[in-house]
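Listed below, chain by chain, are the residues.
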Amino acid sequence: MPATNKAVFLDRDGVLNQEIGHYVWDPNQFVVLEGVPQSLAQLKQAGYYLIVVTNQAGIAKGLYTPLDVQACHAKLQAACGNLIDAFYFAPGHPSVSESLSRKPDSLMLEKGLARFHLDPAQCWMVGDRYRDMQAGHKVGVRSILVGEEETTEYQPRVADLSAAVQLILQAAHPAPTTTN
Ligand SMILES: [Mg+2]
């Protein structure tokens, strides 16, 4: 099957839900950011698969379990009408073991690319950390930085997911340019 589909890979904390300065594993502390359900619906309508790729090293550190992560993801799905097609999380941490899943490595994205027959050139990564950008670039996926979390100079950078979606939709259908 040729890889002709497209997706937006989404970092989780700071993009879809509030970054609270420590691991978010309790659904009661998992707050979906304003506008996120609408942004995801726009991407879906434009034909993108939606794939969450999130580092969850708190599992390796013994702070919480995969079941806690799944409970948060259930809350996210409920908030956005089950629009998300897949969730990948990287439970490892370098202090415990090596992992090719943990961003800036790209194994979570590679799984999504294979599973959904995606063309990397038509895909996007949206994250609030430079390591999200690195993971995207490793597999040839254009990557947009959002929010204020990261101090690194990087472009393209916009305020939030809603602004990233505008960028993605404009790139797919550029406004006509005036010729003379
Ligand atoms: Mg993040």
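For the structure, check the block above.
Residues numbered from 1 in each chain as written. Predicted model: local features only at pLDDT ≥ 70, side-chain atom pairs only at ≥ 80, totals over all residues. Heavy atoms only, no water.

Engineer: Whenever I open this one, the packing of aromatic side chains confuses me. Can you help?
Structural biologist: Scanning the model with the defined rule gives four aromatic pairs in all. Seen in terms of ring centroids, Trp25 and Tyr64 are 6.3 Å apart; in terms of plane orientation they differ by 15°. Their pairing is stacked. Of the two residues, Trp25 sits in the loop between β1 (7-10) and α1 (36-45) while Tyr64 sits in the loop between β2 (49-55) and α2 (66-79), which places them 39 residues apart along the sequence. The class for Trp25 is partly exposed, based on a relative accessible area of 36%. Since its relative accessible area comes to 5%, Tyr64 is described here as buried. For the ring pair Tyr49 and Phe116, a centre distance of 4.7 Å and an interplane angle of 40° mean the geometry is tilted. Note that Tyr49 is positioned in strand β2 and Phe116 in the loop between α3 (107-115) and β4 (124-127), a separation of 67 residues in sequence. Overall, the relative accessible area of 28% leaves Tyr49 in the partly exposed class. Aromatic ring contacts, followed pair by pair, group Tyr23, Trp25 and Tyr64 into a single cluster. The ring of Tyr48 is capped by Lys6, whose NZ or CZ atom sits 4.4 Å from the centre of that ring. (Phe/Tyr/Trp six-rings, centres within 6.5 Å; stacked < 30°, edge-to-face > 60°. Helix = DSSP H or I, 4+ residues; strand = E, 2+ residues; numbered from the N terminus. Buried < 20%, exposed > 50% of the residue type's maximum accessible area, 1.4 Å probe, protein only. Lys NZ or Arg CZ within 6 Å of the ring centre and 35° of its normal.)

Engineer: Even after reading the chapter, I still don't get the pattern of salt bridges, so can you show me in this structure?
Structural biologist: Oppositely charged side chains can form a pair if their charged atoms are brought close together. Within this structure, the stated rule accounts for six salt bridges. For Asp85, the salt bridge goes to Lys44, with nearest N and O atoms at 2.6 Å. Note that Asp85 is positioned in the loop between α2 and β3 (86-90) and Lys44 in helix α1, a separation of 41 residues in sequence. Taking relative accessible area as the criterion, Asp85 reaches 26% and is therefore assigned partly exposed. The partner of Asp105 in a salt bridge is Lys138, with the nearest N and O atoms 2.9 Å apart. (Salt bridge = Lys/Arg side-chain N within 4 Å of Asp/Glu carboxyl O.)

By themselves, these figures tell us nothing about what the structure is for.
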